[in-house]
Every structure is written in C-alpha cells, then in structure tokens.
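Each chain is listed here by its residues.
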Amino acid sequence: MHAFKYHRAASLSEAATLAGKGEAKLLAGGQSLVQAMKLRLASPSDLVDLGTLKELQGIKSDGRTVTVGAMTRHAEVERSAEVKKAIPALAALAGMIGDRQVRAMGTCGGSIANSDPAADYPAAVLALNATITTNKGRYEADKFFTGLYETALKPGEIITSVSFQVPKRAAYMKFKNPASRFAIVGVFVADFGGSVRVAVTGAGPCVFRQADMEKALAAKFAPESAAGVKQKKEGLNTDLHASAEYRAHLVSVMAKRAVEAALK
Ligand SMILES: Cc1cc2nc3c(=O)[nH]c(=O)nc-3n(C[C@H](O)[C@H](O)[C@H](O)COP(=O)(O)OP(=O)(O)OC[C@H]3O[C@@H](n4cnc5c(N)ncnc54)[C@H](O)[C@@H]3O)c2cc1C
C-alpha cells in the first residue's frame, strides 16, 4: 500500500474542503477502498474519514420515503424496524450483502458511490426511484449510475443520504457468487400500483432498468409476465463466473422469483 495522510473530518464542510485537495479520497467503511489500495488499484494522497459525521448517519421514514444516511451501515438497515415495516425488501437486500463483518462496516453511501457492477444497493436505488442527496445537490436514480465504477458524482462530492420511495410491494432476488456473495445477477422488482420498476445488477457494466419487463409487469403483475421477457445477452458481462448468455438467462429467472416473493 502507498503512503497516505489520514484525516478525521470534524464537519461536512471540512470533509468537502479536504476531499477537494490533490488525490484525496473519501473513506466510509473501507470495504472497497481499502481493498483497492491494498491491490494498488487506488493510491490516494489523503483519506478523509466520514465516520464521525453524525449528519450522515441514521434512518428516517415518513410513510412515503425511507431516508438512509450515507454512513449508515448495512447491518443497521438490515435490522431497522422502520425499514422492515416500510420496505421489507430493502432490509432483506442489506442482509444479503457479503458477510457479518462487511455488513458491520460497509455503508449505503459507499456502496452507491462505488457503483460496483455486482453490488446490491444500486438495484434498490434504481428500482425504488431513489433520490441521492449530496453536499452539492440532488440526483435522480435514473441519472446517477453512469458506467462501470462510475457515477454522476463530481470529484470530492459527498453523498449525505439516499431517499427510497415506498412501493406497494417489492422484492429482490440474487444469484450470488458463493464466495463473496456479490451478485452474479440480482433483480429488484418494485410495484408502485400503476407503474413497475425493474432494476438489474451484476449482469452489465452497471445497474440498469429492464423496460420490457416493466411494461409486462405493469400490464399483469405475475411471475409469468417476468419469465416471458427474455433479456438480450449483448452488452452483458462475461467473466470466470458466468457468460453473458447465462447472465441473460438469470435475469428472467431472478425477476420471476422476485415477483413471486413480492406477491407473498
Ligand atoms: C468480502 C466482501 C464481500 C462483499 N460482498 C458484497 C455483496 O455481496 N454485495 C454488495 O453489494 N457489496 C459487497 N461488498 C462491498 C460492500 O458492500 C461495501 O459496503 C461497499 O463496497 C462500499 O464500501 P464502504 O461503504 O466501506 O465504502 P468505502 O470502501 O470506504 O468507499 C468506497 C468508495 O466510495 C466512496 N465514498 C464512500 N462514501 C462516500 C460518500 N458518502 N460520498 C461519496 N463518495 C463516497 C469512497 O471514496 C470510495 O471511492 C463486499 C465487500 C467485501 C470486502
């Protein structure tokens, strides 16, 4: 690992100032960034720890939205009574991330900012039409994820919270890598009563919506509607875990299972 300077930010404005310097990087739970530094894929000059900023922590629910602070750990979302009541699928998704240690340290904001192609949270952000709030403004979910490990965030911009819309019913299903538990393919289906949003993670360079499945499910919210839509393999990932063709097949299978779960 390269040498770096460590800063514990005392306020959001101090974090923003420090993050704007040189090759500084924000540090949340370190569950992706520290691994990247160990592998020398990232070599920041400075690490700006967001861990002490109270305004980035916690969960609020008002019946229409559930707002999760950027520094809220996956384990808190998994166990939150408010999340379980308003969006049980979101609590379940948080509980499927990695192992206990990863869930104890990893954060909602870090996962979304990282835009790992196999991460779970981006599927919830897109399917639940979330709004991402930062120290500089707001982003709609549809405009946030822009590519492989890429988002619309500007250098040094800090996510402060993510507000998820409460659906009528929803579920997330993933076919996981048995070692890391990252999604080989994960599908989040959210029915808003009149409109349906389907987000796919793990399959492509970044999370995306499956428009044909959304139309089929809006016409009839049933497992066969999802299973009847075939995902094209073009543009999907091929790696040692699965071919693009297999991933395309898994999209319909996971979507069908998600609809079945949402209907229970
Ligand atoms: C063994 C293992 C298994 C895992 N399995 C899964 C899995 O099954 N599913 C899954 O989804 N994930 C999985 N993860 C990743 C995990 O969910 C992490 O929470 C996630 O990668 C982000 O880590 P973090 O919150 O610690 O952020 P960090 O690693 O600290 O930061 C990640 C990136 O986000 C930036 N960042 C952090 N916070 C902010 C912010 N508030 N605003 C702007 N930028 C910010 C950082 O600068 C950095 O570039 C796994 C990780 C490990 C190590």
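Look up a bit, the structure's there.
Just so it is clear, the structure is predicted and the values come from calculations on it, not from any experiment.

Draft legend 1. Structural detail: the overall build of the protein. Counting its secondary structure elements, the protein contains 11 helices and 14 strands. A globule of 264 residues ought to have a C-alpha radius of gyration of about 18 Å, and the protein, at 18 Å, matches this closely. Principal-axis analysis of the C-alpha atoms gives the protein an extent of 55 × 45 × 30 Å. Classification of the 264 residues of the protein by burial places 50% in the buried group. Sequence-distant contacts, at least 24 apart, represent 59% of the contacts inside the protein between residues at least 6 apart. Taking the average location of the 35 positive side-chain charges in the protein and that of its 24 negative ones, the two points are 3 Å from each other.

Draft legend 2. Local environment of the site of the ligand. In the region of the ligand, 30 residues are neighbours, and Leu26, Ser32, Thr107, Asp120 and Arg181 sit closest. At 2.6 Å from an oxygen atom of the ligand is found a main-chain nitrogen or oxygen belonging to Leu26. Between the ligand and Gly30 there is a distance of 2.8 Å, counted from an oxygen atom to a backbone nitrogen or oxygen. The fraction of the free accessible surface of the ligand (970 Å²) that becomes covered by protein chains is 90%. Elements with a contribution of two residues or more to the shell around the ligand: strand S2 (25-27) and helix H7 (108-114). With 4 residues, the top contributor of residues to the shell around the ligand is H7. In the shell around the ligand, the residues fall into 13 nonpolar, 12 polar and 5 charged. Two domains each donate at least three residues to the shell around the ligand, and these are domain 1 (5-49) and domain 2 (58-263).

Draft legend 3. Highlighting the pattern of salt bridges. Overall, the coordinates contain 9 salt bridges when judged by the stated rule. A salt bridge links Arg103 to Glu78; the nearest nitrogen and oxygen atoms lie 3.2 Å apart. Here the residue Arg103 occupies a position in helix H6 (residues 100-105), and Glu78 occupies one in helix H3 (residues 74-79), the gap between them amounting to 25 residues. Take Arg103: its relative accessible area is 12%, and that puts it in the buried class.

Draft legend 4. View of the packing of aromatic side chains. Inspection of the entire model under this criterion finds 5 aromatic pairs. Where Phe144 meets Phe145, the ring centres are 5.0 Å apart and the plane angle is 90 degrees; that geometry is what we call edge-to-face. Here Phe144 falls in the buried class, since its relative accessible area comes to 0%. Taking the relative accessible area as the measure of exposure, Phe145 reaches 10% and is therefore buried. Through a chain of ring-to-ring contacts, three or more aromatic side chains come together here, namely Tyr139, Phe144 and Phe145.

Draft legend 5. The arrangement of the pairing of strand S3 (residues 46-49) in detail. Residues Asp46 and Val48 of S3 are buried on one face, and the alternating residues Leu47 and Asp49, pointing to the opposite face, are buried as well. Direction of pairing for strand S1 (residues 5-8) relative to S3: parallel, over a ladder of 4 bridges. By the bridge assignment, Arg8 is partnered in S3 with Asp49. In the sheet, S2 pairs with S3 via 3 bridges, with the strands oriented parallel.

Draft legend 6. Just the sheet that holds S1, in detail. Reading across from one edge, S1-S3-S2 is the order of the 3 strands in this open sheet, with parallel pairing throughout. Across the chains shown, the open sheet's two edge strands, defined by having one partner strand only, are S1 and S2. Taking each pair of neighbouring strands and ignoring which way they run, the sheet shows an average axis angle of 30 degrees. Strands in contact with helix H1 (residues 12-19) are S1, S2 and S3; relative to S3, the strand with the most contacts, it is inclined by about 165 degrees.

Draft legend 7. Up close: helix H9 (residues 211-219). Taken residue by residue, H9 has Met213, Glu214 and Leu217 as its buried positions. Axial view of H9: buried residues confined to an arc of 105 degrees, hence all on one face. Facing away from the buried side of H9 by more than 90 degrees, the exposed set consists of Lys215 and Ala219. In this fold, the buried residues of H9 make contact with strand S12 (183-191), strand S13 (196-201), strand S14 (208-209), helix H10 (223-227) and helix H11 (244-263).

Quick notes on the rules
- Residues numbered from 1 in each chain as written.
- Predicted model: local features only at pLDDT ≥ 70, side-chain atom pairs only at ≥ 80, totals over all residues.
- Heavy atoms only, no water.
- Helix = DSSP H or I, 4+ residues; strand = E, 2+ residues; numbered from the N terminus.
- Rg over C-alpha atoms; globule rule 2.2 N^0.38 Å.
- Buried < 20%, exposed > 50% of the residue type's maximum accessible area, 1.4 Å probe, protein only.
- Contact = heavy atoms within 4.5 Å.
- Lys, Arg positive; Asp, Glu negative; His and termini not counted.
- Charge placed at Lys NZ, Arg CZ, Asp CG, Glu CD.
- Near = heavy atom within 4 Å.
- Polar contact = N/O pair within 3.5 Å; in protein donor to acceptor, adjacent residues only side chain to side chain.
- Areas by Shrake-Rupley, 256 points an atom, 1.4 Å probe, with all protein chains shown as cover.
- Nonpolar A, V, L, I, M, F, W, Y, C, P; charged D, E, K, R; others polar.
- Domains from an automatic or database assignment.
- Salt bridge = Lys/Arg side-chain N within 4 Å of Asp/Glu carboxyl O.
- Phe/Tyr/Trp six-rings, centres within 6.5 Å; stacked < 30°, edge-to-face > 60°.
- Pairing = 2+ DSSP bridges.
- Axes fitted to C-alpha atoms, helices over the stretch in contact; angles between N-to-C directions.
- Arc of directions from axis to C-beta.

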